[in-house]
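Structure assessment
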Amino acid sequence: MGAVIDRTCDLSRDQHVECVLRIADTSLILGQRLSEWCGHGPVIEEDIALTNIALDLVGQARLLLTHAGALEGQGRDEDQLAFLRDESAFRNLAIVELPNQDFGRTVLRNLLVAAWQDALWTQLAASQDAELAAIAAKSAKETRYHLQHAADWTVRLGDGTAESRRRMGRALAYLWPYTAEFFDDDALDRAAAAAGLAPLPSALQPAWESHVLPVLAEATLIEHALPARTPFLSHGKRGRHTEHMGHLLAPMQAMQRAYPGCTW
Amino acid sequence: MPLPNTLTHDSAWAALRAVPDPEIPVISVTELGIVRGVRLVDQGAVEVTVTPTYAGCPAAELIDAEIVAALERAGASQVTVRRQLAPAWTTDWIDPDARERLRAYGIVPPGERATGLQPIRLQPRAADKLACPRCGSGDTERLSQFGATACKALYRCRACREPFEYFKPL
């Protein structure tokens, strides 16, 4: 779609694109991570579930990246944005680029991220950017199923055997510090919120906690989630990534890097 | 003024009613509720508005191609498929007649949609109570929230021992 987007908000074009990329890249990179489970799930139902969730996330990313490309107006489409940007140009939350490790850590991260997305889509559906609002309203329906799936497994494994509980506790201790980035407001976030484009990240925290904390309590994992915040703050959404990001992008981008513009 | 072409609004819709869903061939794309509008432009050119079921549905591109092919067979000179996201597709738009055909095909049609934010119900989650599409027994259990496609969940009947699918409400 080469259409020029009629922008009516107060944000600069670059800020607007950046704001959309933060949301798009979080869906894309988690979708890529979950797709690594294809053929490796513990049972076939869960193999299918994780790859179905990956498919939803990549679908959301496609819509969002297409929108970002149209806003940018430089002729970049979803493929160019996904496959030909360098690591520092990605704007995803750092938590989604962390390795899957075991099934428990995978579903626990899904819980933390799906609860954040659920809160985000709900508020983003009222965005001044009509396309962004439509994508959010559509995605909200899908995310609700992701959230249920992750919540079920978190309880089952957390309040499970001694071994599953040990692993889930360790996974939560590892993942929890990365959730601080979810609610960290920076200058771009404040500008986007003031323009009515996207909610302030900190405004998502009450809804997120209302989803996550009861599940962690039921899963007997709540003590690993406290204290609520840590001094550690990741900066994925500002393009500063963990050491895992390059290893994720290499196989994802290999084809387009070797044969730029190749199509099926 | 009649168009210099055999394609009419009615014949375009009729052509679309004959396009089956690639994954669930017992229902058509119109019965699925994804065709939101048909507009004859001029000279036999037609614009079809389609809304996706799931954002990542892998059948979406095939559906677009089949819509184009069906309308060209019906006499369209040019077909444009326009994607519309809002309002988001819902299983409430599935045609009532098609629901019974789904059941006969072995897929339980979608039930009531949950509206608004739902509290997380914890394991063991009381899954929707479904009657087996084959034997009618209510003694069924959910195996997985996600089935062979994103839009379906996987169930099993404890009475007749057969697995079946459930078209999830969205």
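Note that this is a predicted model, so its numbers are computed, not measured.

Moving on: the overall build of chain A. In terms of helices and strands, chain A carries nine helices and zero strands. When the helices and strands of chain A are read in sequence order from the N terminus, they spell out α-α-α-α-α-α-α-α-α. By the compact-globule yardstick of 18 Å for 264 residues, chain A fits well, its C-alpha radius of gyration being 18 Å. Seen through its principal axes, chain A has C-alpha atoms that stretch 55 × 40 × 30 Å.

Residue and element names in this part refer to chain A. Contact geometry of helix H4 (residues 103-124) with helix H5 (residues 130-158) gives a least axis separation of 7 Å together with a crossing angle of 150 degrees. Classified by the interaxial angle, the pair formed by H4 and H5 is roughly antiparallel. Classified by chirality, the crossing of H5 by H4 is left-handed. The residue inventory of the contact of H4 with H5, partitioned by class, reads 16 nonpolar, eight polar and two charged.

Let's shift gears to the interface of chain A and chain B. Tallying the contact residues gives 28 residues for chain A and 20 residues for chain B. Those elements giving two or more residues to the side of chain A that touches chain B turn out to be helix H2 (44-72), H5 and helix H8 (205-218) of chain A. For the side of chain A that touches chain B, the leading source of residues is H5 of chain A, giving 14 residues.

Residue and element names in this part refer to chain B. The strand order across the open sheet formed by three strands is E1-E2-E3, and the pairing between neighbours is mixed. In the strand order of this sheet, the two ends are held by strand E1 (35-40) and strand E3 (78-83), each with one partner. Adjacent strand axes in the sheet meet at a mean angle of 20 degrees, parallel and antiparallel pairs treated alike. As judged from the six bridges shared by strand E2 (residues 45-50) and E3, these two strands associate in the parallel manner. Note on E3: the bridge partner recorded for Val-50 is Arg-83. Helix H1 (residues 9-17) rests against E1 and E2 of the sheet, and its axis sits at about 145 degrees to E1. Lying on the sheet, helix H3 (residues 60-73) is in contact with E2 and E3; it crosses E3 at an angle near 150 degrees.

Turning to the sheet that holds strand E5 (residues 140-144) of chain B, a few remarks are in order. The mixed open sheet is built from four strands, whose spatial order is E4-E7-E6-E5 (chain B). In this open sheet, the two strands that pair with only one neighbour each are strand E4 (107-108) and E5 of chain B.

With 88% of its residues at a pLDDT of 70 or more, chain B shows a mean pLDDT of 86. Interface confidence for the predicted complex, expressed as ipTM, amounts to 0.77; the pTM equals 0.88.

Moving on to the environment of Ala-15 of chain B. Within the secondary structure, Ala-15 of chain B is located in helix H1. Discounting chain neighbours no more than four positions away, the residues touching Ala-15 of chain B are Ala-70, Leu-71, Arg-73 and Ala-74 of chain B.

About the cut-offs
- Residues numbered from 1 in each chain as written.
- Chains lettered and ligands numbered in written order.
- Predicted model: local features only at pLDDT ≥ 70, side-chain atom pairs only at ≥ 80, totals over all residues.
- Helix = DSSP H or I, 4+ residues; strand = E, 2+ residues; numbered from the N terminus.
- Rg over C-alpha atoms; globule rule 2.2 N^0.38 Å.
- Axes fitted to C-alpha atoms, helices over the stretch in contact; angles between N-to-C directions.
- Parallel < 35°, antiparallel > 145°, perpendicular 65-115°, else oblique.
- Left-handed = near helix turned anticlockwise from the far one by under 90°.
- Nonpolar A, V, L, I, M, F, W, Y, C, P; charged D, E, K, R; others polar.
- Contact = placed C-beta atoms within 7 Å.
- Pairing = 2+ DSSP bridges.
- pLDDT = per-residue confidence, 0-100.

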